[in-house]
Every structure is written in C-alpha cells, then in structure tokens.
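One-letter residues, chain by chain:
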Amino acid sequence: GESVGLHLPTLSVQEGDNSIINCAYSNSASDYFIWYKQESGKGPQFIIDIRSNMDKRQGQRVTVLLNKTVKHLSLQIAATQPGDSAVYFCAETYSGGGADGLTFGKGTHLIIQP
Amino acid sequence: DAGVTQSPTHLIKTRGQQVTLRCSPKSGHDTVSWYQQALGQGPQFIFQYYEEEERQRGNFPDRFSGHQFPNYSSELNVNALLLGDSALYLCASSLEVIYEQYFGPGTRLTVT
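What you see as residue numbers is a count from 1 along each chain, following the sequence as written. Labels follow written order: the first chain is A, the first ligand is 1, and so on. Note on the predicted model: pLDDT of at least 70 is required for a residue's local features to be given, and 80 or more for side-chain atom pairs to be given and counted; whole-chain, interface and lining totals, by contrast, use all residues. In computing side-chain properties, one takes all heavy atoms of the structure into account and sets aside hydrogens as well as water.

> Looking at this model, I keep getting lost on the overall build of chain A. Mind explaining?
Helix numbering and strand numbering both begin at the N terminus, where a helix is a DSSP run of H or I of at least 4 residues and a strand a DSSP run of E of at least 2. A tally of helices and strands in chain A yields zero helices and 11 strands. Looking at the 114 residues of chain A, the share that counts as buried comes to 43%. In short, Shrake-Rupley with a 1.4 Å probe defines the accessible areas, and a residue's cover is counted only from the protein chains shown. Summed over all atoms, the accessible surface of chain A reaches about 5,500 Å², with 46% contributed by carbon and sulfur. Working definition: with a 1.4 Å probe on protein chains only, accessible area under 20% of the residue-type maximum means buried, over 50% means exposed, and in between means partly exposed.

> Please clarify how the packing of aromatic side chains should be interpreted in this entry.
Aromatic ring pairs are defined here through the distance separating the ring centres and the angle between the ring planes. Residues and elements named next belong to chain A. Centres within 6.5 Å make a pair out of two Phe, Tyr or Trp rings, where for Trp the six-membered ring is used; the pair is then stacked when the planes are under 30 degrees apart, edge-to-face when over 60, and tilted otherwise. Using the criterion set out here, one finds 12 aromatic pairs over all chains in the structure. Relative to F33, the ring of Y25 has its centre 4.6 Å away and its plane inclined at 50°; by these criteria the two rings are tilted. Side by side, Y25 and F33 carry an identical accessibility label, which is buried. Ring plane angle 80° and centroid distance 6.1 Å describe the contact between F89 and F104, whose orientation is recorded as edge-to-face. Within this pair, whereas F89 is found in strand β9 (residues 86-93), its partner F104 is found in strand β10 (residues 103-104), the two being separated by 15 residues in sequence. Judged by relative accessible area, which is 2%, F89 ranks as buried.

> Explanation requested: the confidence of the model for chain A in the structure shown.
Note that predicted coordinates carrying low pLDDT should not be read in detail. Across chain A, the average pLDDT comes to 88, with 89% of residues at 70 or higher. Averaged pLDDT values over the elements of chain A bottom out at 54 in strand β1 (residues 4-5) of chain A and peak at 98 in strand β7 (residues 62-67) of chain A. The quantity called pLDDT is the predictor's confidence in a given residue, expressed from 0 to 100.

> Explain the state of the cysteines here, please?
Two cysteines, two sulfur atoms, one covalent bond between them: this is a disulfide. Disulfide: a pair of cysteine sulfur atoms within 2.5 Å of each other. One pass over the structure, following the stated rule, counts two disulfides over all chains. With a sulfur-sulfur separation of 1.9 Å, C23(A) is cross-linked through a disulfide to C90(A). The chirality of the disulfide connecting C23(A) with C90(A) is right-handed, given an S-S dihedral of about 60°. With C23(A) in strand β3 (residues 19-25) and C90(A) in strand β9, this residue pair connects regions lying 67 residues apart in the sequence. Classification of C23(A) by relative accessible area gives buried; the value is 0%. Classification of C90(A) by relative accessible area gives buried; the value is 1%. With its sulfur 1.8 Å from that of its partner, C23(B) forms a disulfide with C91(B). Across the disulfide from C23(B) to C91(B), rotation about the S-S bond amounts to roughly -60°, and the bridge is consequently left-handed. Taken together, the residues C23(B) in strand β3 (residues 19-24) and C91(B) in strand β9 (residues 87-94) connect sequence positions 68 residues apart. C91(B) matches C23(B) in its accessibility class, with the two residues each being buried.

> In this structure, what is going on with the interface of chain B and chain A? I would like to understand it.
Size of an interface, as often reported, equals the accessible area lost when the parts are brought together. Chain B puts 19 residues into the contact, and the matching count from chain A is 21 residues. Interface area for chain B against chain A, summed over the two sides, is near 1,600 Å², with a carbon-plus-sulfur share of 58%. Counted as salt bridges are all cases of a side-chain nitrogen of Lys or Arg within 4 Å of a carboxyl oxygen of Asp or Glu. Our enumeration of links across chain B and chain A arrives at zero salt bridges. Throughout this description, a polar contact denotes any pair of N or O atoms lying within 3.5 Å of each other; where both atoms belong to protein, one of them has to be capable of donating a hydrogen while the other can accept it, and for residues adjacent in sequence the pair is counted only when both atoms sit in side chains. Our enumeration of links across chain B and chain A arrives at three residue pairs in polar contact (both at pLDDT 80 or more). Where the side of chain B that touches chain A is concerned, the elements lending two or more residues are β4 (31-37), β5 (44-50), β6 (53-57) and β9 of chain B. In this classification, the charged set is Asp, Glu, Lys and Arg, the nonpolar set is Ala, Val, Leu, Ile, Met, Phe, Trp, Tyr, Cys and Pro, and all remaining amino acids, among them Gly, are polar. Of the residues contributing to the side of chain B that touches chain A, the split by class is nine nonpolar, eight polar and two charged. For this analysis, residues touch if any pair of their heavy atoms sits within 4.5 Å. By buried area we mean the combined loss of accessible area, with a 1.4 Å probe, across both parts when two parts are placed together.

> It is not clear to me how the sheet that holds strand β8 (residues 74-78) of chain B should be interpreted in this structure. Could you clarify?
For sheets, the rule is that strands pair by backbone hydrogen bonds, running either parallel or antiparallel. Residues and elements named next belong to chain B. Between any two strands, at least two bridges found by DSSP are needed for them to pair. Taken in spatial order, the four strands make up an open sheet running β1-β3-β8-β7, and their pairing is antiparallel. Only two strands of the sheet have a single partner each, and these edge strands are β1 (5-7) and β7 (64-68). The mean inter-strand angle of the sheet, taken between neighbouring strand axes irrespective of direction, is 20°. Note: β1 against β3, three bridges, orientation antiparallel. Pairing of Q6 across the sheet is with C23, part of β3. In this analysis an axis means a line fitted to C-alpha atoms, helices contributing only their contacting stretch, and an angle means the value between N-to-C directions, from 0 to 180 degrees.

> How should I be thinking about the nonpolar core in this particular structure?
Only buried Ala, Val, Leu, Ile, Met, Phe, Trp, Tyr and Cys residues count toward a nonpolar core, and they belong to the same one when joined by side-chain atoms within 4.5 Å. Core analysis: the largest hydrophobic core is formed by 20 residues, its most contacted members being W35(A), L73(A), L75(A), Y88(A) and L110(A). Contributions of two or more residues to this core are made by β2 (10-14), β3, β4 (32-38), β5 (45-51), β7, β8 (72-77), β9 and β11 (108-113) of chain A. Residues in contact with L73(A), not counting those within four places in the same chain, are I21(A), N22(A), C23(A), F33(A), W35(A), I50(A), V64(A), L65(A), L66(A) and C90(A). Residues V4(B), C23(B), F64(B) and V111(B) belong to the second largest nonpolar core, which totals 19 residues.

Shown next as structure tokens:
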C-alpha cells in the first residue's frame, strides 16, 4: 500500500550545524503534510505543516520544503541545539476524501554531537 | 491551558483480556483520533471521533472500538488482547478537521 517513508533512520550532526531530514511520500493525492518531533517517552510534538499549494514554509529555526514533482518533503533545522535530539516523523494525509487520519513514516533519529 | 491528557500512563494486561484507555482533548478541541505506535515505528491511525461518532477508521480489526462523550473526551477499548497489541497508544485532538493534531503523552500497553 502507499505510505510515507524516510530515507535515513539516523542522522548525526554537530551542534550549531544545520540539519536536513528528508521524507518521500508515495500518495500523490496527499495535500497536507506535517513534521512531528518525538522525544523519548513523549507523544509527537507538532513542529510545522505545509499544504500542497505551497512549496516552502518557514517557522522558528525550521523550514519545510515540498517538492510535489518528485513527492519529496524535507525539514531543515537551523543551528541545531542539544534539545533538537529526537525522532522526527513526517506525516501526510488527503483532506478531500474524508480520510482524516495521518499516515506516518518510520522516523529519523536526529543525534546532536557536542 | 491543559493539553491532551491520557490515562493510565502504563498498563500491563494478559492475553485475552480487555482494556480501556482514556483521553481528554486539548481545551477547545472537539475531534479525537487514536493511534497505535509500535516500538521503533511511526504511529498508525486507528480511528477518529467527532460529534460522538466514529468518522474514519484505519486498518484495525473490530476488536478495537471507541467512544466519544458529550464533553469530547474519548475511550479506546481493545478486546481479546494479543501479544501484538503491545504498543504506545496515542490520542490526538484537533478542531473539526485534522489540521494541527496535538498529541498526548500516550499510554504504554504491555500484553503478556
């Protein structure tokens, strides 16, 4: 079946560097995408979202890029900090067919090196 | 402003038993979704409740059922527990539509 997946299970970066986490989605009908951060023992925390009529959206230290041509989503974190260490999930859904559940990928574990 | 709360935090059950998990949505939210997260995996959508009715359901058997109360809180019931039901069960709330679903801390269910 169609699902959202991630390219790398683990990403290690130096503190202060920029991080880029990638996500490939296969459902071309998906029109809403979200990035979540999940720390150990906690539920997923909303980071940023983007709708299919946009290709870029910026938040505080984070930017999400959407490339619908190749069905690719990325999360850029500027000047990574120790508190950014977590598992990051992309999620997608199609808002027009009553399918209100989010489809999650398996996650990328971001490790910040001191 | 309280976020999404879930109870209990942890639960241990035996195969064949039944379990009920509870969720209170974020203040102002009226829609509750339930997800199952196996270790090392992303959350899997179970179902969503809005106006006290199941609005959408993922690929889960009928052993998984739910309920939403007039105050928007919700319960997830799982009957005839299997070892494979061991997971973190997450509740997420939103306002009317799925945008910006906010998750609770989850209930860790262990089936032995």
